[in-house]
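Each chain, letter by letter, is given below.
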Amino acid sequence: MTSQEIRQKFLDYFKSKDHLIVPSAPIVLKDDPTLMFSNSGMTQFKDFFLGYKTPTAPRIADTQKCLRVSGKHNDLDDVGRDTYHHTMFEMLGNWSFGDYFKKDAIAFAWELLTGVYGIPKENLYVTIFEGDASENLERDQDAYDFWKTHISEDRIINGNKKDNFWEMGESGPCGPCSEIHIDLRTPEEKAKISGLELVNNDHPQVVEVWNLVFMEFNRKADKSLEKLPQQHVDTGMGFERLCMALQGKSSNYDTDVFTPLIAKVEELSGKKYTGILEDEKDIAIRVVVDHIRAVSFAIADGQLPSNGGAGYVIRRILRRAISYSYRFLGMKEPFLFELVAVLKDQMGPFFPELEKQGNLVTEVIKSEEESFLKTIESGLVRVERLIQQTISDGSKVLPSVEVFELYDTYGFPDDLTRIIAEEKGLTIDEVGFQAEMEKQKQRSKKDSASKVYDWVVLEEKPETFVGYDQLEAETYITRYRKVENKDGEFYQVVLSNSPFYPEGGGQVGDKGVLENAAESFEVLETKKENGLIISLINGLPKDAGAVFYAKVNATERKNSQANHSVTHLLHEALREVLGTHVEQKGSYVGPDYLRFDFSHFNKMTEEELALIEEKVNQKIKDSIALQEFRNIPIQEAIDKGAMALFGEKYGDNVRMIQFGSSKELCGGTHVKNTSEIGHFKITSENSAAAGIRRIEAISGDKSAEYFKNIEQQITELSQLLKSKDVVRSIEKLIEENASLKSEVEALKKEKAKGEIGDWKNAYEQKGDKQLLVKKTSLDAGSVKDIIFQLKKEIPTSITIVLSNADDKPMITVGVSDDLASSYQAGAIVKELAKEIQGGGGGNPGFATAGGKNLAGLENAYQKALNI
């Protein structure tokens, strides 16, 4: 049975049991402040479990893309080392929202596994929750009683809280669970030891394949448990492990989920995969084929590699794959991008985002590979320099601070530094390195540390967002909770009627005030969490149940919505000018400016940018009225021509924004007429990532300020130049400056020629070598020219020049070619640079260093004489 057939049989089975089959949600989460990525099948249904949204159906089934690389669920370091851990994996799941519970969930699972898939019953074991006295939780007797109608009682195992009580996170829905484990060992192995003893003991062939979670409780922030108003079922079956079981394999990597990718790696690298766990080559291949899936799906869902947040995690996964392939597969050129086509063929039919975004995914990965391989090459030079310095200091241990700097600042893998050091008979200061890592973690924790208390519910009533129609509203607080972070103590409030737009869709959240006759509080930010609009205020009202007036900062809202509306016009203009391949890939909409990322592979020309501006400004002049379609079926919106963005999760009903021919699904706030935007001006266009361009722009008040500033600058220039023809005056200055520069360069060369003769005669004989230590005021270019000439003319020589040109200390070292194997210019200059509080580098024959301490040149001079 192929993996495609296995997946389809699961969906078909639950469809026959009256489950609605829904598509996988994006792997990247954009509107959940508690998670970066979807790390379990239930993530997209959180609001249903919490009661914030009504399920689209009481029974649902799907296959969900998941990523476990950060936070509590982090499998990254295990990937490649065993047969079954992955970063990206599929979770097959069936869900019941207040409908069936333990009895039916158990019956469905048993019938599918043994009846549909034909797994022998004697290969299965199940676990149930044994209870926990510390939380007054009893043994799950119901699950036990239901299971014993299907399976022998001696195959039902009691499990502890760690294994058999599932929790969404630090707080949230939770409950006892029942795991199904499968024994894939040979009959001979089973005869030696019962599978009963190997369940939940990390045996690679006795593995959990399905977890049935019975949601009964809600974990509060104070760690107490409360009963949920309804009972739910949340199940998750590991697709890759299921394929391993049904295809008779002993490793996930031996199934057809991975074998096509492995075959391509073998073809490109020339290395043969043998499946040996401890073989570094095989580990590298497993890492590569796992990581390419995670990175490809993340990019397809809209998360580009970057230096922060979720983008940093994706970049780290990709760089881990590049590092392994560089070190153990000998791949010194980009090749991972070639695996995307294989993945697309394999999974595209089930996940159309891979088909649609395939070219973008390929180009982004290729660009990241090229960049990181350059980082590795330049890092090798730095490591070699560090090794030479360590040896010259008489040490056998690379210092931890420098090794950590290579890792943290330059992105050079620390394990690669270890390997190179060991080849030279050295080690790294492991204790010190781990200490540096811990310091960094603590800094990150300190920066992000916050404590969120439980909600204090004043009234169980649905909130209403009124911000599309009004900027002020009479309201009251329905719930509040305290938040403590590095900036102090604040309170999050949920309002019965909120005019504050919550951050989302690229648009910043509203600020404003919450006040009444007795008190006034600043609204610092507004976000959405689990379906609730939450405003952060700088205190707690004395009477939290009083009536308040919520007032949005009208100026900031006006400017933000002008920028948001103009992104829609910009998007349409880009597609008209550049082509329909253009798609939005990210945006930021604030009161001061807008940022718009879009798919396009070439730098835009000045003519294209001018045409874009012209088209957008024409639509502003045309005074196009907003047409807003609230809460319409998504298919109706698509039929009307609305653009849906890839990587976004839309509900059954959506909001469509239309300005003439521009039609987009959007939840943001907008101007009532394009004339309110005023004017649109592009301030920059550059690359955001491979295949992604970024435009930054302004509109409205900021656009008026922009032109006012330019006018002021031109007036000031005109006064300085004493001419109204500013352009011609500056052209004349440039011509005069170029002429003077030529004269200065000619004079410098003459001066340098005059000094070479004197320098030649100033070398001192030091044994069989010659040394020149010279002070000068010549500039860097002149010094370099002289040193390269002297290196040719004076054999077995070392030349050290200390310059104070422009009152900046600089040290330059030249070593003749016949001494370069014995004396390293880089090592010499690094030692001397300490005296001027500087640093630098170069190659064995030539190196330079700049510094901050001009007075230190004298000490450097004396130290140089002692070489």
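Before any of the text, the structure's been laid out above.
Being a predicted model, the structure only gives us computed values, none of them experimental. (Residues numbered from 1 in each chain as written. Predicted model: local features only at pLDDT ≥ 70, side-chain atom pairs only at ≥ 80, totals over all residues. Heavy atoms only, no water.)

Chemist: When you look at the packing of helix H9 (residues 280–300) against helix H10 (residues 309–328) in this model, what are you seeing that I'm missing?
Modeler: Angle between the axes and distance between the axes are the two parameters that describe a pair of packed helices. Put simply, H9 and H10 touch, their axes get as near as 9 Å, and they point 150° apart. Classed by the angle they form, the pair H9 and H10 counts as roughly antiparallel. Seen from above, H9 lies across H10 with left-handed handedness. From H9, Glu280, Lys281, Ile283, Ala284, Val287, Val288, His291, Ala294, Val295 and Ala298 reach across to H10, where they touch Ile314, Ile317, Leu318, Arg320, Ala321, Tyr324, Ser325 and Phe328. Its residues assigned to classes, the contact of H9 with H10 shows 13 nonpolar, two polar and three charged. (Axes fitted to C-alpha atoms, helices over the stretch in contact; angles between N-to-C directions. Helix = DSSP H or I, 4+ residues; strand = E, 2+ residues; numbered from the N terminus. Parallel < 35°, antiparallel > 145°, perpendicular 65-115°, else oblique. Left-handed = near helix turned anticlockwise from the far one by under 90°. Contact = heavy atoms within 4.5 Å. Nonpolar A, V, L, I, M, F, W, Y, C, P; charged D, E, K, R; others polar.)

Chemist: What is the right way to look at the sheet that holds strand E31 (residues 764–766) in this model?
Modeler: Two modes of strand pairing occur in sheets, parallel and antiparallel, and in both the strands are linked by backbone hydrogen bonds. Taking strand neighbours across the sheet as the criterion, the six strands line up as E31-E32-E33-E34-E36-E35 in an open arrangement whose pairing is mixed. What marks the edges here is a single partner per strand, and that holds for E31 and strand E35 (839–843). Geometrically, the sheet is characterised by an average inter-axis angle of 15° between neighbouring strands, direction not taken into account. Where E31 lies against strand E32 (residues 769–776), three bridges are found, and the strand directions are antiparallel. In the sheet register, Glu764 faces E32, and the bridge partner there is Leu771. Sitting on the sheet, helix H24 (residues 857–865) touches E31, E32, strand E33 (797–803) and strand E34 (810–815), and the angle it makes with E32 is about 170°. (Pairing = 2+ DSSP bridges.)

Chemist: Got a minute to help me understand the packing of aromatic side chains in this structure?
Modeler: Note on aromatic pairs: each is described by the distance of the centres and the angle between the planes. Evaluated as defined, the whole model comprises 29 aromatic pairs. Ring centres of Tyr253 and Phe258 lie 4.8 Å apart, and the angle between their planes is 45°; this geometry places the pair in the tilted category. Since its relative accessible area comes to 0%, Tyr253 is described here as buried. With a relative accessible area of 0%, Phe258 lands in the buried category. Following the ring pairs from residue to residue traces out a cluster consisting of Phe10, Tyr13, Phe14, Tyr100, Phe108 and Trp210. When the ring centre of Tyr144 is taken as origin, the NZ or CZ atom of Arg139, which lies over that ring, is 4.5 Å away. (Phe/Tyr/Trp six-rings, centres within 6.5 Å; stacked < 30°, edge-to-face > 60°. Buried < 20%, exposed > 50% of the residue type's maximum accessible area, 1.4 Å probe, protein only. Lys NZ or Arg CZ within 6 Å of the ring centre and 35° of its normal.)

Chemist: Is there a simple way to think about the state of the cysteines in this case?
Modeler: When the sulfur atoms of two cysteines share a covalent bond, that bond is a disulfide. Using the criterion set out here, one finds zero disulfides in the structure. Between Cys174, a free cysteine, and Cys177, which holds the nearest cysteine sulfur, the sulfur-to-sulfur gap is 11 Å. On the basis of relative accessibility, which here comes to 0%, the residue Cys174 falls in the buried class. Its relative accessible area of 1% is what places Cys177 among the buried residues. (Disulfide = S-S within 2.5 Å.)

Chemist: When you look at the sheet that holds strand E27 (residues 653–659) in this model, what are you seeing that I'm missing?
Modeler: A sheet is described by the order of its strands in space; here three strands give the open sequence E26-E27-E28, paired in antiparallel fashion. Edge positions in the sheet fall to strand E26 (627–633) and strand E28 (662–665), since each of these pairs with one other strand and no more. Between one strand axis and the next, the sheet turns through 20° on average, direction left out of account. Summarising the sheet, E27 and E28 pair through four bridges and their orientation is antiparallel. Paired with Met656 across the bridge in E28 is Leu665. Its contacts with the sheet put helix H17 (residues 554–578) on E27 and E28, and the angle it makes with E28 is roughly 115°.

Chemist: How do you make sense of the packing of helix H13 (residues 358–392) against helix H15 (residues 414–423) when you look at a structure like this?
Modeler: The N-to-C vectors of H13 and H15 enclose an angle of 45°; their axes lie 11 Å apart at closest approach. Here H15 runs oblique to H13, going by the angle between their axes. Two packed elements cross with a definite hand, and for H13 against H15 that hand is right-handed. On the side of H13, the interface is formed by Ile376, Leu380, Val383 and Ile387, while H15 contributes Leu416, Thr417, Ile420 and Ala421. Looking at the contact of H13 with H15 residue by residue, the classes come out as seven nonpolar, one polar and no charged.

Chemist: Explanation requested: the pairing of E34 in the structure shown.
Modeler: A regular strand carries its side chains on alternate faces of the sheet. Within E34, six of the six residues are buried, which leaves it mostly tucked inside the rest of the structure. In E34, alternate side chains face the same way, and those of Met810, Thr812 and Gly814 on one face and Ile811, Val813 and Val815 on the other are all buried. Summarising the sheet, E33 and E34 pair through six bridges and their orientation is antiparallel. Looking at E34, one finds that Ser803 is bridged to Met810. Taking the residues that link successive antiparallel strands as the turn, the E33-E34 hairpin has six residues, and the phi of Asp806 there is positive, at about 55°. Bridge count between E34 and strand E36 (residues 846–850): five bridges; the pairing is antiparallel. If you follow Met810 over to E36, its bridge partner there is Gly850.

Chemist: Help me out: how do you make sense of H9 in this one?
Modeler: For an α-helix, 3.6 residues make a turn, and residues three or four places apart therefore share a direction. In this model, H9 (21 residues) spans 30 Å end to end at C-alpha, consistent with the 30 Å of a helix rising 1.5 Å per residue. One side-chain oxygen at the N-terminal end of H9 lies 2.8 Å from the backbone nitrogen of Lys281; it belongs to Asp279. (Expected span 1.5 Å × (residues − 1). Polar contact = N/O pair within 3.5 Å; in protein donor to acceptor, adjacent residues only side chain to side chain.)

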